Amino acid sequence: MTDQEHLDTLLTKALGTAGRITALTGAGISAESGIPTFRGPEGYWTVGSQVYQPQEMATWAMFTRNPKAVWQWYLYRLGVCRKARPNAGHNALVELEQAFPERFTLVTQNVDNLHLSAGQRIANTYQIHGNIEYVRCADGCRRDILPMPPAIAPRTRNQQISAAEWSMLRCKHCGGLLRPHVLWFDESYNEDYYRLESTLAAARETTLLIIVGTSGATNLPLQVFAEVVRHGGVILDINIEPNIFAQTLEKYPLGATLRQLGTRALPWLLRRVSRITRQMSS
């Protein structure tokens, strides 16, 4: 059996059920839109004479020590994200959702808002690491998730936050600081902000898991993957680099790996899915 025949067999098996179709995306799909990967050179940040890694900047501990430096970093990243546009991979996932509106779930680690910009439905999109376009009270006086204040402009790497802008980054209810609505490295997943239980519930119903551009470096994606393996769902890994998912799929009979960019693999996959569903309905 060829690789394509094997993949078609797996897709036919998964699509022939009423189970959920879940896409799990990471930084790789956004890199094709020009957003540097989080752990790449663009993520490093200088505060005074000290150079910090992303894993140090994106923490509650750093925010409590130097909130203005953290906000400058995130507003710079916001500018990078806003310049980017959804690519063919994002668009193919929107079409996949449109083909299976009651079965589709998107679980994304990306905070760049590109999936929603492409047209993905918010109800079907679980942003498990948050969204850089939103803020919330750092002191937790309210649990509301609010849009970024419109007068706060993205900035260049070394552009400072003005006094007027800093005043806009304060909670209107308690006067405390606002924070970016993102999951930091020293924080945990929860349902209210990061759809923990919803994501795991979707994983339990998933008969086709499509992994795109993520290496499995965080906990919740690994839990999703493990759950789909546990109950015998079909898994397709689309990544240009070897990763922990591909290592397991080498021995998993219901898995396949495509060493391709999402902009190429996802439109191709959409065509295969469309062809198979037509054949199944004829």
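Residues numbered from 1 in each chain as written. Predicted model: local features only at pLDDT ≥ 70, side-chain atom pairs only at ≥ 80, totals over all residues. Heavy atoms only, no water.

Asks: Please provide a residue-by-residue account of the overall build of the protein, values included.
Replies: Along its length, the protein carries 13 helices and 11 strands. For the protein, the C-alpha radius of gyration of 20 Å lies close to 19 Å, the compact-globule estimate for 282 residues. Principal-axis analysis of the C-alpha atoms places the extent of the protein at approximately 65 × 35 × 30 Å. Counting the 282 residues in the protein, one finds 53% classified as buried. Accessible surface, the protein as shown: approximately 13100 Å² in total, 51% of it carbon and sulfur. On the protein, the mean spot of the 29 positive side-chain charges and the mean spot of the 24 negative ones are 3 Å from each other. (Helix = DSSP H or I, 4+ residues; strand = E, 2+ residues; numbered from the N terminus. Rg over C-alpha atoms; globule rule 2.2 N^0.38 Å. Buried < 20%, exposed > 50% of the residue type's maximum accessible area, 1.4 Å probe, protein only. Areas by Shrake-Rupley, 256 points an atom, 1.4 Å probe, with all protein chains shown as cover. Lys, Arg positive; Asp, Glu negative; His and termini not counted. Charge placed at Lys NZ, Arg CZ, Asp CG, Glu CD.)

Asks: Tell me about the pairing of strand β1 (residues 20-25), residues and numbers included.
Replies: Of all the 6 residues making up β1, 6 are buried; the element is thus mostly covered by neighbouring parts of the structure. Bridge count for β1 against strand β9 (residues 206-212) is 6 bridges, and the pairing is parallel. Residue pairing in the sheet places Ala23 in a bridge with Ile210 of β9. Across 5 bridges, the pairing between β1 and strand β4 (residues 104-108) is parallel. Across the sheet, the residue bridging to Ile21 is Phe104, located in β4. (Pairing = 2+ DSSP bridges.)

Asks: An account of the sheet that holds strand β8 (residues 178-182) is requested, with residue identities and associated values reported.
Replies: The antiparallel open sheet is built from 3 strands, whose spatial order is β7-β6-β8. The open sheet terminates on both sides in strands that have one partner only, identified here as β7 (146-147) and β8. Relative to β7, strand β6 (residues 130-137) runs antiparallel, the two being bridged by 2 bridges. Residue Tyr134 lies in a different strand from β7, and its bridge partner there is Pro147.

Asks: Can you tell me about the packing of helix α10 (residues 196-205) against helix α11 (residues 219-230), naming the residues and giving the values?
Replies: Contact geometry for α10 and α11: axes closest at 8 Å, N-to-C directions at 25 degrees. Relative to α11, α10 is oriented roughly parallel. For the pair α10 and α11, the sense of crossing is right-handed. Side by side, α10 and α11 meet where Leu196, Thr199, Leu200, Ala203 and Arg204 of the first sit next to Leu220, Gln223, Val224, Glu227 and Val228 of the second. (Axes fitted to C-alpha atoms, helices over the stretch in contact; angles between N-to-C directions. Parallel < 35°, antiparallel > 145°, perpendicular 65-115°, else oblique. Left-handed = near helix turned anticlockwise from the far one by under 90°. Contact = heavy atoms within 4.5 Å.)

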